[in-house]
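Letter by letter, the chains look like this.
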Amino acid sequence: GRPVGILGTGKYVPDRVLTNQQLEQMVETNDEWITTRTGIKERRIASEAQASSDLAYEASLKALAAANVAAEDIDLIVVATITPDMAFPSTACILQEKLGAKKAAAFDLSAACSGFIYGLANASSLIATGMYRHALVVGAECLSKITDYTDRNTCILFGDGAGAVVIGEVPEGRGFRSFELGADGSGGELLRISGGGSRHPVSPDTIDEKLHYIYMAGRDVFKFAVRIMGTAAEEALRKAGLAKEDIDLLVPHQANIRIIQSALERLDLPEDKCVVNVDKYGNVSAASIPIALAEAVEEGRVNEGDVLVLVGFGGGLTWGAAALVW
Ligand code: ACO
């Protein structure tokens, strides 16, 4: 197929900052515990009026401008999210309307924190075949809206934000080289929101039992993450015919600094070849990787010809990695 790559990136995070010190006033925790266990110092929180499509819209406008592509020239919109505006219509359809991307097909993708990589794999394949020319792939989350702020196990971790990329044809030798996607449904219980779907429709009971909030078995997810980040990245490199030494920049899912550090050890990479912003934004699920990528681009850390590896893991369980030449 045609070579497909990233033409522009954009990110948006809400203005409101929630610091560890503020969390100390809300639950039994402290800055030292949060910092040493997670690396998180603060996270952004959407306003009451903001939903995921609003954050997605701001990030998408920036990505479109950076790519110099008009909204009307987008053929496909994929929004990866676990916090859609509503069950349906999809957040991608709501975004399509806001952007005026009239000719775009639009759908949401559910692969939790791996969703952005899953979205890139899907959208780039459709461009490589010649079916579409330009796609907008977005990760957008308002995790604050599904977080129980009386549960210290989870409320310290999550934040809100969105990242977007426009993808399309690039010159030969550049663009995506490989994708490694995977799932292990046997671990589905470890990370979930079980209320509000067809299994447990919303009822006074599901609300009493807090089934509309994120449940996470932190230690089990941690073990899975440490194992899968390294293996997924290595598998993407192998498929691309690249070696660890070829990596110029690793863009990992920002869940926990210790998980990122273990991936760096596994890949023999120095810290300066890795994007880290978990301290500022916490875990933004599907938005983490595109926000980190957009920030790296803003900071001039990504140059033509660089080899990038994007890698993430999340609920499902799922994982995904991509190797690309910028
Ligand atoms: N402040 C103080 N103490 C706390 C807090 C807190 N905020 N949260 C938990 N604790 C306590 C627990 O009660 C527990 O106490 P106990 O041992 O008496 O029961 C203890 O601290 C837990 O300590 P550890 O097990 O050593 O914690 P761990 O090193 O596993 O760190 C963490 C916990 C940060 C949650 C880690 O397991 C982790 O990062 N897991 C992966 C999370 C993740 O990546 N999730 C992806 C989510 S993606 C998505 O779906 C949006």
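Residues numbered from 1 in each chain as written. Predicted model: local features only at pLDDT ≥ 70, side-chain atom pairs only at ≥ 80, totals over all residues.

As a reminder, the rule being used: UniProt positions are given in the numbering used here, feature names are shortened, and annotations may be inferred rather than shown by experiment.
Taking an unreviewed UniProt entry as the reference, the protein is identified by name as Beta-ketoacyl-[acyl-carrier-protein] synthase III belonging to Xylanibacillus composti. According to the UniProt record, the Sequence similarities (unreviewed entry) comment for the protein is "Belongs to the thiolase-like superfamily. FabH family." One UniProt comment on the protein, placed under Pathway (unreviewed entry), says "Lipid metabolism; fatty acid biosynthesis."

Here we look at the overall build of the protein
Going by this rule: Comment: elements are numbered from the N terminus, with helices defined as DSSP H or I runs of at least four residues and strands as E runs of at least two. The quantity called the radius of gyration is restricted to C-alpha atoms. Its globule counterpart is 2.2 Å times the number of residues to the power 0.38. In this scheme every C-beta is placed from the backbone, and a residue whose C-beta has 20 or more other C-beta atoms within 10 Å is buried, one with 12 or fewer is exposed, and one in between is partly exposed. Residues are defined as contacting one another if the C-beta atoms placed from their backbone atoms lie within 7 Å.
A count of helices and strands for the protein gives eleven helices and 13 strands. A compact globule built from 326 residues should have a C-alpha radius of gyration of about 20 Å, and the protein, at 18 Å, falls within 12% of that. Each principal axis of the C-alpha atoms in the protein carries an extent, and together these give about 55 × 45 × 35 Å. Scored against the burial criterion, the 326 residues of the protein give a buried share of 51%. Counting only contacts in the protein whose residues sit at least 6 apart along the sequence, the fraction spanning at least 24 positions is 78%.

Quick notes on the UniProt feature "domain: Beta-ketoacyl-[acyl-carrier-protein] synthase III C-terminal" (unreviewed entry) in the protein
Under the local residue numbering, the UniProt record ascribes the feature "domain: Beta-ketoacyl-[acyl-carrier-protein] synthase III C-terminal" (unreviewed entry) to residues 237–326. As annotated, residues 237–326 has a helix share of 32% and a strand share of 22%, and its two end C-alpha atoms lie 15 Å apart.

Some remarks on the environment of Arg133
Mapped onto the fold, Arg133 is located in the loop between α5 (115–128) and β6 (135–142). A count of 16 C-beta atoms within 10 Å places Arg133 in the partly exposed class. Sequence separation between Arg133 and Ile167 is 34 residues; the distance between their C-alpha atoms is 8.3 Å. Excluding residues that lie within four positions of it along the chain, Arg133 makes contacts with Asp75, Ile127 and Gly168.

Section: the site of the ligand
To be explicit about the condition: Working rule for contacts: place C-beta from the backbone, and if it is within 6 Å of a molecule or strand, that residue counts as near it. Amino acids are sorted into nonpolar (Ala, Val, Leu, Ile, Met, Phe, Trp, Tyr, Cys and Pro), charged (Asp, Glu, Lys and Arg) and polar (every other residue, Gly among them).
In the vicinity of the ligand, 23 residues are found, and the nearest of them are Thr29, Arg152, Gly218, Phe222 and Ala255. Contributing elements (two or more residues each) for the shell around the ligand: α2 (31–38), α6 (152–155) and α8 (218–240). Residue classes in the shell around the ligand are distributed as eleven nonpolar, nine polar and three charged.

Comments concerning the UniProt feature "domain: Beta-ketoacyl-[acyl-carrier-protein] synthase III N-terminal" (unreviewed entry) in the protein
If you check UniProt for "domain: Beta-ketoacyl-[acyl-carrier-protein] synthase III N-terminal" (unreviewed entry), the listed places come out as residues 107–185 in our numbering. Across residues 107–185, helical content stands at 23% and strand content at 38%; the span's end C-alpha atoms are separated by 22 Å.

Some words on the sheet that holds strand β13 (residues 318–325)
The line we're drawing: Paired strands, as defined in this entry, are two strands with at least two bridges between them according to DSSP. Orientation is described by axes fitted as lines to C-alpha atoms, over the contacting stretch for helices, and by angles from 0 to 180 degrees between their N-to-C directions.
Reading across the sheet, the four strands line up as β8-β13-β12-β11 and stay open at both edges, with mixed pairing between neighbours. The sheet terminates laterally at β8 (175–183) and β11 (249–252), the two strands that pair on one side only. Here the strands of the sheet are splayed against their neighbours by 10° on average, with no regard to which way each runs. Relative to β13, β8 runs antiparallel, the two being bridged by eight bridges.

Observations concerning α8
Since the α-helix advances by 3.6 residues per turn, residues separated by three or four positions end up pointing in the same direction. Threshold: A helix is expected to span 1.5 Å for every residue after the first. By definition, a residue's bend is the angle between the axes fitted to the seven residues ending there and the seven starting there.
Between its first and last C-alpha, α8 extends 32 Å over 23 residues, near the 33 Å set by a 1.5 Å rise per residue. Along α8, the sharpest kink reaches roughly 25°, centred on Ile228. Those residues of α8 that sit buried are Val221, Phe224, Ala225, Ile228, Met229, Ala232, Ala233, Glu235, Ala236, Leu237 and Ala240.

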